[in-house]
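Here's the letter readout for the chains.
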Amino acid sequence: MDSLFDLPFEEPPSEDRGPEGSAPPEQASAPIAPEPRRVLSVSELTGRIRTLLEERFIEIWVEGELSNCRMWNTGHMYFTLKDANAQIKGVMFRSAIRYLRFKPQDGLRVVARGRVSVYDPKGEYQLVCEHLEPEGLGARQLAFDQLKERLAREGLFDERRKRALPALPRKIGVVTSLDGAAVRDIIKVLRRRYANAHIVIRPARVQGEGAALEIARAMAAIGKVKGVDVIIVGRGGGSIEDLWAFNEEVVARAIAGCPVPTISAVGHETDVTIADFVADLRAPTPSAAAEMVVARKDDFCARIDRLGHRVEAAMAGRVHRMRARLGSVESRPGYAGFEMRIAMRGRRADDVSHQLLRALRGRLGRRERTYQALRLALETFDVRRRFGTIRTRLVAADGRLRSSVDRRTHAADARLRGTAARLDSLSPLAVLGRGYAVCWNADRTTIIRDAAAVQQGDHVHVKLERGELDCDVRGGSASGGTRPTYTEGT
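This write-up is about the structure you can find in this document. (Residues numbered from 1 in each chain as written. Predicted model: local features only at pLDDT ≥ 70, side-chain atom pairs only at ≥ 80, totals over all residues. Heavy atoms only, no water.)

1. Remarks on the sheet that holds strand 1 (residues 60-71)
Then, in step 1: The five strands lie next to each other as 1-2-3-5-4, forming a closed barrel whose pairing is mixed. Along the sheet, successive strands turn relative to each other by an average axial angle of 50°, direction set aside.
Then, in step 2: Summarising the sheet, strand 1 and strand 2 (residues 77-82) pair through five bridges and their orientation is antiparallel. Paired with S67 across the two strands is T80, which belongs to strand 2.
Then, in step 3: Of the strands in this sheet, strand 4 (109-119) and strand 5 (124-134) are in contact with helix 1 (residues 42-56), which crosses strand 4 at around 140°. (Pairing = 2+ DSSP bridges. Helix = DSSP H or I, 4+ residues; strand = E, 2+ residues; numbered from the N terminus. Axes fitted to C-alpha atoms, helices over the stretch in contact; angles between N-to-C directions. Contact = heavy atoms within 4.5 Å.)

2. Brief notes about the pattern of salt bridges
Then, in step 1: For the coordinates displayed, the defined rule picks out 18 salt bridges.
Then, in step 2: Taking the shortest distance from any N to any O, the salt bridge between R115 and E130 comes out at 4.0 Å. Here the residue R115 occupies a position in strand 4, and E130 occupies one in strand 5, the gap between them amounting to 15 residues.
Then, in step 3: Residues D229 and R170 are paired through a salt bridge, measuring 3.9 Å at the closest nitrogen-oxygen approach. You can see D229 sitting in the loop between helix 5 (211-223) and strand 8 (230-235) and its partner R170 sitting in the loop between helix 3 (139-154) and strand 6 (171-176), a full 59 residues away along the chain.
Then, in step 4: The class for R170 is exposed, based on a relative accessible area of 63%.
Then, in step 5: Each of E59, R113, R115 and E130 takes part in salt bridges that share partners, so that together they form one network. (Salt bridge = Lys/Arg side-chain N within 4 Å of Asp/Glu carboxyl O. Buried < 20%, exposed > 50% of the residue type's maximum accessible area, 1.4 Å probe, protein only.)

3. Observations regarding the nonpolar core
Then, in step 1: Within the largest apolar cluster, 53 residues are counted, with the highest numbers of intra-cluster contacts made by M92, L132, I215 and M219.
Then, in step 2: Ranked by residue count, the leading element in this core is helix 5, at seven residues.
Then, in step 3: Not counting residues up to four positions away in its chain, the partners in contact with I215 are V175, A204, R205, V206, V233, A245, F246 and V251. (Core = buried A, V, L, I, M, F, W, Y, C linked by side-chain atoms within 4.5 Å.)

Shown next, in the form of structure tokens:
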């Protein structure tokens, strides 16, 4: 392989060179002019290197071991591809990852197809991968093994979750393509074995891009149809690419989540898909699936007849054994005269029943007489009459009580009026109303009855019928000769 950085080099013409390749004599001493120096930036240098790499390594195949394989939230995958002596970083964009048939993981040897480029921010060259496949093992086979292992760990292949098919389904669902021979084979077998079968067909593409999603949607739709007892999903034979839709995870989970039993009938007897492991029953072909769903009508009727004969034989044998056992029991000595003892016991039971009935009737008669006596006593005790007498006594007592209260009220009112009149006649206020006044000393503790009790200049209070006077004494006479003089009256 040529070096990436080999640049073309042109030798000078031979006539310009001297003997044995030396310079001509006349030019030996001539000075060589230096070329002007050109300085490149890092971005320019990186851009030239990227251009050289992308022009030289447009599409290459590289094999190696995956390591540091990481899937980012952008959907791109970054990894390192290495061998014993070297390694190269790689990237696979989201648009290319969606076509992968397996899950890349560390330690897996793969063959990658892509181009070499340079990641400018870090100045690192890397492989931009456009296709990836396992080395020595097909991508489809690896994807098949990985999905099978993961679903097995989740328990989708567990036999304990498999459901039995109904003995005689009334409505049969079919998920397949209308263009294939599988649907015709299924209908032909069902009409031959069970002419009254009700068939519900949900068409779906069974190969090509998007077929798996159509199958999953068809399973969900037909599972919601009321009355469907069992579902057949499948197609005719083909290559592994043709059957690959039944190896997709979305189909496996749709079959596992189906509410009714499901039969997988994909390809021929030698073809095995993920759907066969998840379904409740695997059929080698679509025709065999139809035969598994319903038995022949004659076979079903014959089976019912055989079961009826077995029930009749079992019942006849049991009756014969019970009769033989009864005969052996009756022949024992202890059971001699058994019927007579039963008759005596019956007679004794009749006598006891008669005595019990007579005792019950006597007790009921006594209870009836007691009841009649109580009823007569209750009728003699007339409650309404007793209540009338009590009501009359209460009315009379109420009249007497009211009269007594009125008399006492009038007497008390008369006494109150007389006492009030006497109090009014003795009240000092009545005296004041006739023009008299009451004179108090300064602190209102003593009534002044004598003019000699005060001195000139003393302060007194005079109480009138309406209001009071505050007075100062200027003079007076004990015998009443000279009237006192008051000032500062109010």
